[in-house]
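# Examination of the molecular architecture
Below are the chains, spelled out letter by letter.
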Amino acid sequence: MNYPVNDQTLTMTSREIAEVTDKQHQHVKRDIEKMFSELNEDVSKFGRIYSDSMNRSQTEYVLDKEHTECLVTGYSAMLRMKVIKRMHELEEKNRVPQTLPEAL
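Described below are features of the structure shown in this document. Everything numeric in this text was worked out from a predicted model, so none of it was measured.

One finds I32, L63 and L71 to be the most contacted residues of the largest nonpolar core, which totals 20 residues. In this view, L71 contacts I17, V28, D31, I32, M35 and L63; residues no more than four positions away in its chain are not counted.

Printed below as a string of structure tokens:
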């Protein structure tokens, strides 16, 4: 999932981070909340509501690249690499061709 805040900003949701790292979403959310607390930033600015498979309203977080990288630096090397590779995939998908051959 890639939810750009604008066409220049790559983001990852807490659910996608949980999926990529094989962590439970609730644990990723806990890690995000702890990180924002330590950064003295308002986590609610990054939150949004989604409907789960049972149609219940749940919270997820949408992190920009910097906050995603900050979060995963606390994870193991293997999990960091999985998220880094996913961020590179998202960057490549959103990259605007700079030359005519790239566009073709």
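Here we take up the environment of K29. Looking at where K29 falls in the secondary structure, it is placed in helix α2 (residues 25-38). The class for K29 is buried, based on a relative accessible area of 18%. Expressed as a C-alpha distance, the spacing of K29 and Y61, which sit 32 residues apart in the sequence, is 7.3 Å. Ignoring anything within four residues of it in the chain, the contact list for K29 reads S14, T59 and Y61.

As a further point, take unusual backbone geometry. One non-glycine residue with positive phi stands out, namely D22, at about 60°. A positive phi is found at N55, a non-glycine position, where the angle reads about 65°.

Turning our eyes to something else, we now look at the packing of aromatic side chains. Counted by the stated rule, this structure contains one aromatic pair. When the ring of F36 is compared with that of F46, the centres are 4.7 Å apart and the planes differ by 40°; the resulting orientation is tilted. Of this pair, F36 sits in helix α2 while F46 sits in the loop between α2 and β2 (47-51), and the two are 10 residues apart along the sequence. Residue F36 is classed as buried on the basis of its relative accessible area, which comes to 1%. For F46, a relative accessible area of 16% gives the class buried. The ring of Y50 carries the charged tip of R15 above its face, separated from the ring centre by 3.7 Å.

To continue, consider the pattern of salt bridges. Across all of its chains, the model carries 10 salt bridges by this definition. R15 is paired through a salt bridge with E60; the nearest N and O atoms lie 2.6 Å apart. Here R15, found in helix α1 (residues 14-21), pairs with E60, found in strand β3 (residues 57-64); they are 45 residues apart in sequence, far enough to count as distant. When its relative accessible area of 1% is taken as the criterion, E60 is described as buried. Put simply, D31 and K23 hold a salt bridge, and the shortest N to O gap is 4.0 Å. Residue classification places K23 among the partly exposed residues on the basis of a relative accessible area of 27%. The network of salt bridges with shared partners includes R15, R48 and E60.

Calculation notes
Residues numbered from 1 in each chain as written. Predicted model: local features only at pLDDT ≥ 70, side-chain atom pairs only at ≥ 80, totals over all residues. Heavy atoms only, no water. Core = buried A, V, L, I, M, F, W, Y, C linked by side-chain atoms within 4.5 Å. Buried < 20%, exposed > 50% of the residue type's maximum accessible area, 1.4 Å probe, protein only. Contact = heavy atoms within 4.5 Å. Helix = DSSP H or I, 4+ residues; strand = E, 2+ residues; numbered from the N terminus. Phe/Tyr/Trp six-rings, centres within 6.5 Å; stacked < 30°, edge-to-face > 60°. Lys NZ or Arg CZ within 6 Å of the ring centre and 35° of its normal. Salt bridge = Lys/Arg side-chain N within 4 Å of Asp/Glu carboxyl O.

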